[in-house]
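Topology and contacts: notes
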Amino acid sequence: MQVAAPCSAETIRVASQKTGTLAWELAVIRSHGLDKKADLAIDIVELASPEAGKIALRAGSADVMVSDWPWVSRERTLGAKLQFYPYSSALGAVMVPSASPIRTLADLKGRKLAIAGGAIDKNWLLLQAALKQDGIDLKSQSTIVYGAPPLLAAKTLDGEMDAALNYWNFCAALEAKGFRRLAGMEDILQKLGTKGRIAMIGYVFDETWANANKDTVARFIAVTRAAKEILATSDAEWDTIAPLTGAPDATTLHAYRDRYREGIPRRSIADEEADARVLYRVLAQVGGRDLVGPASELDPGTFYQAIPGD
């Protein structure tokens, strides 16, 4: 579906999942006419999964998608010159029931722990690396259950797990049900040497396309920033997009709102890239080639740096 725009507007094809947070921003852009004001026509390529976005980008049927910088750096080392621009620093967390005796990350030892994603999920690898600093090997000293985020969130709610490491929106939903954040990933990452909240997720596009369309990219980033500011300042806007979020009640919607707002990137690209370099080394060490490919360092062209003021 294509958003109506003047005939002279430049088109940018954005791959987006119907249920993803990018769809929330695109809805705000559309309802406020931000795209028209920027003389952009945003053509939304609807996806069934994040993997479908990667395929669409590689096939040239989308210009922009959302993914993470470890994947972008990996693709660059394998020959696909993609680039990354920060979209969100909303990260997952370790969640426990409110009455749980688990009070510190060290208390996870010997417990049944749900891990969203899989054995090489980045949050899981980084949590392991942080705890190894304290002499704890969670993988061998705890019972680990891998699975899809919604399935594990349901099992956590049912009391089948002592703790869960899940993605931010599922953690927000658990918070709304009375669960407690044992530790956010932002806290865990600081143990590994980061200086601030890092945007793991960002807009991803082809470097050659971006170089040929710098003004279009800059206008698109400006439009998405404007949408973020509306979502950051207007509670009424959240009532408007509530159906898109899938929140079953106001408490969950408010948890989504608050965690989303925390994740709006506010740092310079230089600061983001510096922290990414630190974490990439950790990921390369604990995740190996399966995760990051052949390079032990973040590819120097991973972050897009052509937006004025960044």
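This report concerns the structure included in the present document. (Residues numbered from 1 in each chain as written. Predicted model: local features only at pLDDT ≥ 70, side-chain atom pairs only at ≥ 80, totals over all residues. Heavy atoms only, no water.)

1. Regarding the packing of helix 11 (residues 214-233) against helix 12 (residues 235-245)
- Interaxial distance between helix 11 and helix 12 falls to 5 Å at its minimum, and their mutual angle equals 105°. It follows from the interaxial angle that helix 11 and helix 12 lie roughly perpendicular. Between helix 11 and helix 12, the residues in contact are Ile230, Leu231 and Thr233 and Asp235, Glu237, Trp238 and Ile241, respectively.
- The residue inventory of the contact of helix 11 with helix 12, partitioned by class, reads four nonpolar, one polar and two charged. (Axes fitted to C-alpha atoms, helices over the stretch in contact; angles between N-to-C directions. Helix = DSSP H or I, 4+ residues; strand = E, 2+ residues; numbered from the N terminus. Parallel < 35°, antiparallel > 145°, perpendicular 65-115°, else oblique. Contact = heavy atoms within 4.5 Å. Nonpolar A, V, L, I, M, F, W, Y, C, P; charged D, E, K, R; others polar.)

2. A closer look at the packing of aromatic side chains
- The full count for this structure, using the stated rule, is eleven aromatic pairs.
- Ring centres of Phe84 and Phe303 lie 5.1 Å apart, and the angle between their planes is 65°; on these two criteria the pair is classed as edge-to-face. Of this pair, Phe84 sits in strand 4 (residues 82-88) while Phe303 is found in the segment after helix 15 (289-292), placing the two residues 219 residues apart along the sequence.
- Residue classification places Phe84 among the buried residues on the basis of a relative accessible area of 0%.
- A network of ring pairs unites the aromatic residues Trp24, Trp168, Trp238, Tyr256 and Tyr260 as a single cluster. (Phe/Tyr/Trp six-rings, centres within 6.5 Å; stacked < 30°, edge-to-face > 60°. Buried < 20%, exposed > 50% of the residue type's maximum accessible area, 1.4 Å probe, protein only.)

3. Quick notes on the pattern of salt bridges
- Counted by the stated rule, this structure contains 26 salt bridges.
- With a shortest N-O distance of 3.7 Å, Arg197 and Glu186 are connected by a salt bridge. A residue pair is termed long-range when its members are at least 10 positions apart, and Arg197 in the loop between helix 9 (185-191) and strand 10 (201-206) and Glu186 in helix 9 qualify at eleven residues.
- The class of Glu186 is buried, set by a relative accessible area of 14%. (Salt bridge = Lys/Arg side-chain N within 4 Å of Asp/Glu carboxyl O.)

4. A closer look at the side chain of Lys228
- Structurally, Lys228 is set in helix 11.
- If we skip the residues at most four places from it in the chain, Lys228 touches Glu25, Tyr87, Tyr203, Tyr260, Ile264 and Pro265.

5. Side note on the layout of surface pockets
- In this structure, the largest pocket occupies an estimated 1,500 Å³ of space.
- What lines the largest pocket is a set of 49 residues, and nearest its centre among them are Gln17, Pro50, Tyr167, Asn169 and Ile201.
- It is helix 8 (residues 168-176) that contributes the most residues to the lining of the largest pocket, five residues altogether.
- Residues of the lining of the largest pocket, tallied by class, amount to 26 nonpolar, 15 polar and eight charged.
- As a volume, the second largest pocket reaches approximately 220 Å³.
- Lining the second largest pocket are 17 residues, with Tyr85, Pro86, Arg225, Pro265 and Arg266 positioned closest to its centre.
- Elements that contribute at least two residues to the lining of the second largest pocket include exactly strand 4, helix 11 and helix 14 (269-287).
- Per-class residue counts for the lining of the second largest pocket are eight nonpolar, two polar and seven charged. (1 Å grid on protein atoms, 1.4 Å probe; cavity = no way out; pocket = protein on both sides within 12 Å on 5 of 7 lines; lining within 4 Å. Points joined across faces, edges and corners; volume = space filled by probe spheres on them.)

6. Let's talk about the pairing of strand 5 (residues 93-96)
- Side-chain alternation along strand 5 places Ala93 and Met95 on one buried face and Val94 and Val96 on a second face that is also buried.
- Of the strand pairs in this sheet, strand 5 and strand 8 (residues 163-166) are connected by three bridges, and their pairing is antiparallel. By the bridge assignment, Ala93 is partnered in strand 8 with Asn166. (Pairing = 2+ DSSP bridges.)

7. Considering the environment of Met65
- Following the sequence through the fold, Met65 ends up in strand 3 (residues 65-68).
- The exposure class assigned to Met65 is buried, which follows from its relative accessible area of 2%.
- For the pair formed by Met65 and Ala52, sequence separation is 13 residues and the distance between their alpha carbons is 9.8 Å.
- Once you skip the residues sitting within four places of it in the chain, Met65 turns out to touch Ala15, Pro50, Gly53, Lys54, Leu57, Trp71, Gly202, Tyr203 and Val204.

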